[in-house]
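# Structural overview
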Amino acid sequence: VLRCLGIPTRVITNFNSAHDKNLNLSIDKYIDMSGNNLHLSEDSVWNFHVWNESWFVRRDLGSFYDGWQVLDATPQEKSKGIYQCGPASTRAIKEGDVNLDYDSPFVFAAVNADCVTWIRHSKKRIERIYSNTRKIGKFISTKAVGTNSRVDVTANYKYPEVKEISFKIPYSRYKNSLMDDRKILVTAV
């Protein structure tokens, strides 16, 4: 319908799509001391989910948020009392601006939630035992114009995952670096 009105629109597929039911930006799994699932959360991870993007000027949010906006024609949750989702700015999603209206926190979680496992020691004590920050939001894609090729648009939704780098410095080198005229510069990418 939006294309018929002259509004640029495309279909987006998100693989490992989070469904963050309680909007805490994580997909929580609770287990007991024996490792059995406690079913305390309604969060889930779907193999994939599909929505639309349309190109809008956002006078309501400011020009920083102009561009592709997420619109989900199959929302699974109510937003402001009715089943709707969007238009959420992909720029807001990428920048983590989850305080904006139009379901930005829900879409942010769909592409960038952490998967967290909690162990329940007692009714009053739970402990986080595992967190996966890389599982959600893989190969976010659309179809290329004029061909059946896939175009990866993940970079429109999130920054690249940071890789952990471990390295060892011999003590003698570390000791020498403490001299006033020398400094160690460590940068993370």
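An unreviewed UniProt entry lists the chain under the name TGM3L glutamyltransferase, from Erpornis zantholeuca.

## Some details on the pairing of strand β9 (residues 126-132)
Sheet topology places strand β8 (residues 114-120) next to β9; six bridges connect them, and they run antiparallel. From the neighbouring strand, T117 faces β9, where its bridge partner is Y130. Counted along the chain from β8 to the antiparallel partner β9, the turn is five residues long.

## Overview of the nonpolar core
The biggest cluster of nonpolar side chains holds 13 residues, and the ones touching the most others in it are W51, I93 and Y157. The element best represented in this core is helix α2 (residues 104-112), accounting for four residues. When neighbours within four sequence positions are excluded, W51 is seen to be in contact with R10, V11, I12, N14, S17, V70, L71, D72, A110, V111 and Y157. By size, the runner-up hydrophobic cluster in this structure holds six residues, among which are I27, A109, C115 and I136.

## Observations concerning the sheet that holds strand β10 (residues 138-143)
The strand order across the open sheet formed by six strands is β7-β4-β3-β1-β10-β11, and the pairing between neighbours is antiparallel. Each having just a single partner strand, β7 (88-89) and β11 (150-152) make up the two edges of the open sheet. The sheet contact formed by strand β1 (residues 9-19) and β10 spans two bridges and is antiparallel. In the sheet register, T13 faces β10, and the bridge partner there is S141.

Definitions and cut-offs
- Residues numbered from 1 in each chain as written.
- Predicted model: local features only at pLDDT ≥ 70, side-chain atom pairs only at ≥ 80, totals over all residues.
- Heavy atoms only, no water.
- Pairing = 2+ DSSP bridges.
- Helix = DSSP H or I, 4+ residues; strand = E, 2+ residues; numbered from the N terminus.
- Core = buried A, V, L, I, M, F, W, Y, C linked by side-chain atoms within 4.5 Å.
- Buried < 20%, exposed > 50% of the residue type's maximum accessible area, 1.4 Å probe, protein only.
- Contact = heavy atoms within 4.5 Å.

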